[in-house]
Amino acid sequence: MRQRVTSSGIQSEAEIDWLNRVSGAQIDVRKIDIGYRQSRKLRQFSDALAELLDPGAQKTRSPSEIEEADVWPLLAEGVSDTALGTWLADRIDEVERSVGSLPSIAVFVDGDDFIDPLVNATRTALAERNITIVGCKEGRVVGDASEVRVFDIQHIKGLEFEAVFFIGVDGLARRLKELFPRYLYVGVTRAATYLGVTCEGRLPAILEPLRPQFSDRVDWRS
């Protein structure tokens, strides 16, 4: 239910309980508590976001005792246009250097109309590092893992990447309001290890409780 990104349909476990009572249905609710996709820091971030969506939400745990890479999420405020392109290219370069090769990387934006401007703002800086960036309009998964791919946020459920950048969350918050935290939850849970979040202005007020979950640094340089 944390990933429900529509205003219709079942919205809480209490509605399932009601349905069982009034219809005699026997819908069994089972909790998923293993975070197969994400590192410890990102599970903590996702759990904190889930707590905003559903106070008292169950926390997730690692599927094994092996400790994964522990990379803090990054937050960049007050970035847009050229500054955004530079920031994004620098962070992608850091991911590649840290991993040793370019892993799967996705950039999420609020609508297909934002894909080309972001690609154009970032292409030159990435080309200097021999990295290609492509736009994936209308949810089409074009390109491959050797390229940075840019998606509209509404088309990314079911996908998974080593690194995810969520662009302009303050604009998304203004446009979607009620559903915004759920879109954000879907987006951040696509990332396995690296997560970068940007705002043209400041972090939306509804997300202020998450600020301690971000690094106090502006980069991933060691």
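Residues numbered from 1 in each chain as written. Predicted model: local features only at pLDDT ≥ 70, side-chain atom pairs only at ≥ 80, totals over all residues. Heavy atoms only, no water.

Caption draft 1: Quick peek at the layout of surface pockets. Taken as a whole, the second largest pocket holds about 340 Å³ of empty space. Breaking the lining of the second largest pocket down by element, the ones donating at least two residues are helix H3 (81–99), helix H4 (115–127) and helix H5 (169–176). Grouping the constituent residues of the lining of the second largest pocket by class yields nine nonpolar, four polar and five charged. (1 Å grid on protein atoms, 1.4 Å probe; cavity = no way out; pocket = protein on both sides within 12 Å on 5 of 7 lines; lining within 4 Å. Points joined across faces, edges and corners; volume = space filled by probe spheres on them. Helix = DSSP H or I, 4+ residues; strand = E, 2+ residues; numbered from the N terminus. Nonpolar A, V, L, I, M, F, W, Y, C, P; charged D, E, K, R; others polar.)

Caption draft 2: Seen up close, the confidence of the model for the protein. Overall, the predicted model of the protein reaches an average pLDDT of 86, with 86% of residues at or above 70. Within the protein, strand S1 (residues 74–77) carries the highest mean pLDDT (96), whereas helix H1 (residues 13–23) carries the lowest (81). (pLDDT = per-residue confidence, 0-100.)

Caption draft 3: Here's a closer look at the packing of H3 against H4. Here H3 crosses H4 at 50°, and the two axes come no closer than 8 Å. Here H3 lies oblique to H4, going by the angle between them. Seen from above, H3 lies across H4 with right-handed handedness. Where H3 abuts H4, its residues Asp81, Leu84, Gly85, Leu88, Ala89 and Ile92 lie against Leu118, Ala121, Thr122, Ala125 and Leu126. Considering only residue class, the contact of H3 with H4 consists of eight nonpolar, two polar and one charged. (Axes fitted to C-alpha atoms, helices over the stretch in contact; angles between N-to-C directions. Parallel < 35°, antiparallel > 145°, perpendicular 65-115°, else oblique. Left-handed = near helix turned anticlockwise from the far one by under 90°. Contact = heavy atoms within 4.5 Å.)

Caption draft 4: Focus on the pairing of strand S6 (residues 191–199). Counting buried residues along S6, nine of its nine residues qualify, which places the element largely inside the surrounding structure. Judged from the five bridges that link them, strand S5 (residues 161–166) and S6 form a sheet pairing that is parallel. Each residue of the ladder has a partner; that of alanine 163, found in S6, is tyrosine 194. (Buried < 20%, exposed > 50% of the residue type's maximum accessible area, 1.4 Å probe, protein only. Pairing = 2+ DSSP bridges.)

Caption draft 5: Main features of the pattern of salt bridges. Using the criterion set out here, one finds 14 salt bridges in the structure. A salt bridge links arginine 91 to glutamate 94; its shortest N-O distance comes to 2.6 Å. Note that arginine 91 and glutamate 94 are positioned in helix H3 at a spacing of three residues, about one turn of the helix. Given a relative accessible area of 8%, glutamate 94 falls into the buried group. Note that aspartate 116 is salt-bridged to lysine 137, the shortest N-O span being 2.7 Å. Of this pair, aspartate 116 sits in helix H4 while lysine 137 is found in the loop between strand S3 (133–136) and strand S4 (148–152), placing the two residues 21 residues apart along the sequence. Its relative accessible area of 31% is what places lysine 137 among the partly exposed residues. (Salt bridge = Lys/Arg side-chain N within 4 Å of Asp/Glu carboxyl O.)

Caption draft 6: Representation of the nonpolar core. In terms of nonpolar packing, the biggest core is built from 34 residues, with Phe108, Phe166 and Leu184 touching the most fellow members. Sorting the residues of this core by element identifies helix H2 (40–53), strand S2 (105–109), S5, H5, helix H6 (180–188) and S6 as the ones contributing at least two each. Every residue in contact with phenylalanine 108, bar those within four places of it in the chain, is listed here: Phe151, Ile153, Ile156, Phe161, Val164, Phe165, Phe166, Ile167, Gly187 and Arg190. (Core = buried A, V, L, I, M, F, W, Y, C linked by side-chain atoms within 4.5 Å.)

Caption draft 7: Summary view of the sheet that holds S1. Spatial ordering of the open sheet is given by S1-S6-S5-S2-S4-S3, a layout of six strands whose pairing is parallel. The sheet is open, and its two edges are formed by S1 and S3, each paired on a single side. The sheet shows a mean angle of 20° between the axes of neighbouring strands, direction not considered. Sheet analysis places S2 next to S5, joined by four bridges and oriented parallel. Each residue of the ladder has a partner; that of isoleucine 105, found in S5, is alanine 163. In the packing of H4 onto the sheet, contacts are made with S2, S3 and S4, and the angle to S3 comes to roughly 170°. Against the sheet, H6 engages S2, S5 and S6, with an angle of about 150° to S5.

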